[in-house]
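# An overview of the molecular structure
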Amino acid sequence: ARAGVGLDNIDVKAANAAGVVVAAGLGANAVSVGELTLGLALALLRNIPTHDQQTREGKWVRTPGRELSGLTWGLLGCGATGVATARLLQGFGCTVVGYDPFVQADDSRLTALNITLHSFDDVLRVSDVVSIHMPSTPETNGTINQRSLALMKPSAIVVNVGRGEVINESDLLSALQGGVIAGAALDVRAQE
């Protein structure tokens, strides 16, 4: 059994050949992932890690962070973890936009949370925070790259809680170093 979402890191064919049943608790950890997503975004926006480090060094730097309230949050993937994240955002007054080619615009989960679907590029263009909830597939791998990062606002941040392969990490590093985007938090990496 796999506690997380997706079976891309399990050789299902080999398991089947050996008579091993593979099971995943789909959606079981969605709230937990949503909370982590929100926590990582807040840490970036409020600059919590840097302030913590500076305080530990005996400094008292009081630079303000950014408020999440009222920002536009983009979901790349509107499955269980994306929807759980959107549900947690309700108290922040965020506009929530999403991209998911496998979800219909009239999906009751999305309409109940006022999530509007847009193209992949449009979600990147309008969002202040982009959270990635996409699986690792040939179609999704490397979609966050130099081209797509350049579409984002220079003040935008990225939070990846989906699959590490979705991000071209060298392009992300270049974008961060070059000020193309403001920050990134990665719960997953291409090589873990």
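The paragraphs below set out a description of the structure included in this document. Being a predicted model, the structure only gives us computed values, none of them experimental.

### Brief notes about the overall build of the protein chain
If you tally the helices and strands in the protein chain, you get eight helices and six strands. Ordered by position from the N terminus, the helices and strands of the protein chain form the series α-α-α-β-α-β-α-β-α-β-α-β-α-β. Against the compact-globule benchmark of 16 Å for 192 residues, the protein chain has a radius of gyration of 18 Å, which places it among compact chains. If one aligns the C-alpha atoms of the protein chain with their principal axes, the spans along those axes are about 60 × 40 × 30 Å. With 192 residues in all, the protein chain has 38% of them scored as buried. For the protein chain, the share of sequence-separated contacts (at least 6 apart) that also reach a separation of at least 24 residues comes to 65%. Surface summary for the protein chain: the accessible area is close to 10,300 Å², and the carbon and sulfur share equals 54%.

### Quick notes on the packing of aromatic side chains
For the coordinates displayed, the defined rule picks out one aromatic pair. Taken together, a centroid distance of 5.5 Å and an interplanar angle of 75 degrees make the contact between Tyr99 and Phe120 edge-to-face. Placement of Tyr99 in strand S2 (residues 95-99) and of Phe120 in helix H6 (residues 120-126) is noted, with a sequence separation of 21 residues between them. The class for Tyr99 is partly exposed, based on a relative accessible area of 23%. Given the relative accessible area of 13%, Phe120 is considered buried.

### Here's the deal with the sheet that holds strand S5 (residues 157-160)
One open sheet accounts for six strands, arranged S3-S2-S1-S4-S5-S6; its pairing is parallel. With partners counted over all chains shown, the strands left at the sheet margins are strand S3 (116-117) and strand S6 (183-186), one partner each. Helix H2 (residues 30-45) contacts strand S1 (72-76), strand S4 (129-132), S5 and S6 of the sheet and is inclined by roughly 150 degrees relative to S5.

### Overview of the pairing of S2
Judged from the five bridges that link them, S1 and S2 form a sheet pairing that is parallel. Bridging across to S2, Leu76 finds its partner in Tyr99. Following the backbone out of S1, through helix H4 (residues 80-89) and into the adjacent parallel S2, one traces a crossover that is right-handed. In the sheet, S2 pairs with S3 via two bridges, with the strands oriented parallel. Among the inter-strand pairings, Gly98 is bridged to a residue of S3, identified as Leu117.

Each value, and the rule that gives it
- Residues numbered from 1 in each chain as written.
- Predicted model: local features only at pLDDT ≥ 70, side-chain atom pairs only at ≥ 80, totals over all residues.
- Heavy atoms only, no water.
- Helix = DSSP H or I, 4+ residues; strand = E, 2+ residues; numbered from the N terminus.
- Rg over C-alpha atoms; globule rule 2.2 N^0.38 Å.
- Buried < 20%, exposed > 50% of the residue type's maximum accessible area, 1.4 Å probe, protein only.
- Contact = heavy atoms within 4.5 Å.
- Areas by Shrake-Rupley, 256 points an atom, 1.4 Å probe, with all protein chains shown as cover.
- Phe/Tyr/Trp six-rings, centres within 6.5 Å; stacked < 30°, edge-to-face > 60°.
- Pairing = 2+ DSSP bridges.
- Axes fitted to C-alpha atoms, helices over the stretch in contact; angles between N-to-C directions.
- Right-handed = clockwise from strand over helix to strand, strands pointing away.

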